[in-house]
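# Geometric and topological summary
Chain by chain, the residues run as shown.
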Amino acid sequence: MKRQRSEKSRPSIFWVLAGLVVPIGSLMARFRMVDREKMPRHGAYIVAPNHYSEIDPVMVGMVLWHLGRLPRFLAKDSLFRIPVVGWFLRKSGQVPVARGGGARGATTLDAAQKIIEEGRIVVVYPEGSLTRDPDMWPMRGKTGAARMALEHGIPVIPMAHWGTQQVMARYSKKISFFPRKTIDVKFGDPVDLSAFEGRNLDSATLAEATAVIMAAITALLEDLRGEKAPAERWDPSQHNQKETGRFDG
């Protein structure tokens, strides 16, 4: 049987991005991975991590690059209008998402179709923004990841990481380069969403499926932190919090 080549072994714009980002990122942090074999090296998947620092996408992207996958994110469409940054985002296949508009659904549909056809992965932050939980536990998720998974039959790989806040604290714009930090990362088995197959994908069903995804991510984070998360997940709508963040779910 012919062995499949790693995604990153093929020449692409990611080589340029990795050449710029990985050396600098490696100065800031080292990764200690648990169950790395649970991140499939080939095939179409949604990767669903927790989110508590603005630099999370850089760290998660580096992890996936080290594992041979090309990281693609659902990103705010405003980022694509930034000179140079927007060009790199488009060339590397990142997915622009408009907040609160019809374009969001169309963009997600197109992205899902490409993922299936080309066997790619896409990183979706189910929380939609940095967690507002006071202790940085995953908060209530949005339904984007669940909808994409159920509508298109794409498995969801839960992922948790802990330590990124030492590189860039939550809400901060300041990066700490020294001393070098250790970021713990853990992958889980594909989330079992079989209970929702064949059901009408209304708001109640999607909310239930999203809760299952968030529970899987939280369980991984509990293992990394060695402590239990609160019994009740933080709900921004109940705390009158304005949600901000660059990478949507």
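Each chain carries its own residue numbering, running from 1 in the written order of its sequence. Since the coordinates come from a predicted model, pLDDT governs what is reported: local features require at least 70, and pairs of side-chain atoms require 80 or more to be given and counted, while whole-chain, interface and lining totals use all residues. Computation of side-chain values: all heavy atoms of the structure, hydrogens and water removed.

### Description of the packing of helix H1 (residues 13–28) against helix H2 (residues 56–66)
- Running from N to C, H1 and H2 point in directions that differ by 110°, and their axes come no closer than 10 Å. By the criterion of interaxial angle, the relationship of H1 to H2 is roughly perpendicular. The element H1 and its partner H2 pack so that their crossing is left-handed. Here Phe14, Trp15, Ala18, Val21, Val22, Gly25, Ser26 and Met28 of H1 come into contact with H2, specifically with Val58, Met59, Met62, Trp65 and His66.
- Residue polarity is assigned by list, with Asp, Glu, Lys and Arg as charged and Ala, Val, Leu, Ile, Met, Phe, Trp, Tyr, Cys and Pro as nonpolar; anything else, Gly included, falls into the polar class. Of the residues contributing to the contact of H1 with H2, the split by class is 10 nonpolar, three polar and no charged. All axes here are fitted lines through C-alpha atoms, helices being fitted over the stretch that makes contact, and every angle between N-to-C directions spans 0 to 180 degrees. Here a helix means four or more residues in a row that DSSP labels H or I, a strand means two or more in a row labelled E, and each is numbered from the N terminus. Comment on the angle field: the value is read as roughly parallel under 35 degrees, roughly antiparallel over 145, roughly perpendicular from 65 to 115, and oblique elsewhere. By definition, turning the near helix anticlockwise from the far helix through less than a right angle yields a left-handed crossing, and turning it clockwise yields a right-handed one. When checking whether two residues touch, look at their non-hydrogen atoms; a contact exists if any pair is within 4.5 Å.

### A short note on helix H7 (residues 203–225)
- Here a helix's expected span is defined as the number of its residues, less one, multiplied by 1.5 Å. For H7, built from 23 residues, the straight-helix expectation of 33 Å at 1.5 Å per residue is met to within 8% by its first-to-last C-alpha distance of 32 Å.
- Looking at the residues trailing H7, positive phi occurs at Gly226, about 70°.

### Quick look at the confidence of the model for the protein
- Chain-level pLDDT for the protein is 89 on average; 90% of the residues reach the 70-or-more range.
- Across the chain, each position has a pLDDT score giving the predictor's confidence in that residue, from 0 to 100. Counting interchain partners and residues more than four positions distant, the pLDDT-below-50 stretch residues 241–248 has 36 contacts.

### Focus: the sheet that holds strand S1 (residues 29–34)
- The pairing criterion for strands is at least two bridges between them, as found by DSSP. Reading across from one edge, S1-S7-S6-S2-S5 is the order of the five strands in this open sheet, with mixed pairing throughout. This sheet does not close on itself; its edge strands, each paired only once, are S1 and strand S5 (121–123). Across this sheet, the average inter-strand angle for adjacent strands is 25°, counted without regard to direction.
- Summarising the sheet, strand S6 (residues 156–162) and strand S7 (residues 181–187) pair through four bridges and their orientation is antiparallel. Bridging from a neighbouring strand, His161 pairs with Val185 of S7.
- H2 contacts S1, strand S2 (45–49), S5, S6 and S7 of the sheet and is inclined by roughly 60° relative to S1.

### A closer look at the UniProt feature "transmembrane region" (unreviewed entry) in the protein
- Per the UniProt record, the feature "transmembrane region" (unreviewed entry) sits at residues 12–31.
- What you have in residues 12–31 is 80% helix and 15% strand, and the ends, taken at the C-alpha atoms, are 24 Å apart. UniProt positions are given in the numbering used here, feature names are shortened, and annotations may be inferred rather than shown by experiment.

### Observations concerning the pattern of salt bridges
- Salt bridge, as applied in this entry: a Lys or Arg side-chain nitrogen positioned within 4 Å of an Asp or Glu carboxyl oxygen. Overall, the coordinates contain 12 salt bridges when judged by the stated rule.
- A salt bridge links Arg32 to Asp184, with the shortest nitrogen-to-oxygen separation between them at 2.6 Å. Highlighted residues: Arg32 in strand S1 and Asp184 in strand S7, separated in sequence by 152 residues.
- Throughout, exposure labels follow a simple rule: accessible area from a 1.4 Å probe, protein chains only, divided by the maximum for the residue type, with under 20% read as buried, over 50% as exposed, and the rest as partly exposed. Of the residues examined, Asp184 reaches a relative accessible area of 16% and is grouped as buried.
- In this structure, Arg225 and Glu227 form a salt bridge, with 3.3 Å as the shortest nitrogen-oxygen distance.
- With relative accessibility at 15%, the residue Arg225 sits in the buried group.
- With a relative accessible area of 38%, Glu227 lands in the partly exposed category.

### Considerations on unusual backbone geometry
- Residue Pro179 follows Phe178 across a cis peptide bond; omega there is -5°.
- Positionally, Pro179 belongs in the loop between helix H6 (164–167) and S7.
- Within the chain, Val84 stands out as a residue other than glycine whose phi angle is a positive 70°.
- Among the structural elements, Val84 can be located in the loop between strand S3 (74–76) and helix H3 (85–91).
- By relative accessible area, Val84 is classed as exposed at 57%.
- Located in the positive-phi region is Met136, a residue other than glycine, with phi close to 65°.

### Examining the packing of aromatic side chains
- Aromatic pairing here means that ring centres of Phe, Tyr or Trp (its six-membered ring) are within 6.5 Å. Orientation follows from the plane angle: under 30 degrees is stacked, over 60 is edge-to-face, and everything else is tilted. One pass over the full model with this rule turns up four aromatic pairs.
- On the basis of an interplanar angle of 20° and a centroid distance of 6.4 Å, the ring pair of Phe73 and Tyr125 is categorised as stacked. Residue Phe73 is found in the loop between H2 and S3, and its partner Tyr125 is found in the loop between S5 and helix H5 (144–152); the two are separated by 52 residues along the sequence. A single burial state applies to Phe73 and to Tyr125, both of which are buried.

### As for the packing of H5 against H7
- Running from amino to carboxyl end, H5 crosses H7 at an angle of 105°, the nearest separation of the two axes being 8 Å. As far as their axial angle goes, H7 and H5 are roughly perpendicular. Only Leu206, Ala209, Thr210 and Ile213 of H7 make contact with H5, whose side of the interface consists of Ala145, Ala146, Arg147 and Leu150.
- Residues belonging to the contact of H5 with H7 are distributed by class as follows: six nonpolar, one polar and one charged.

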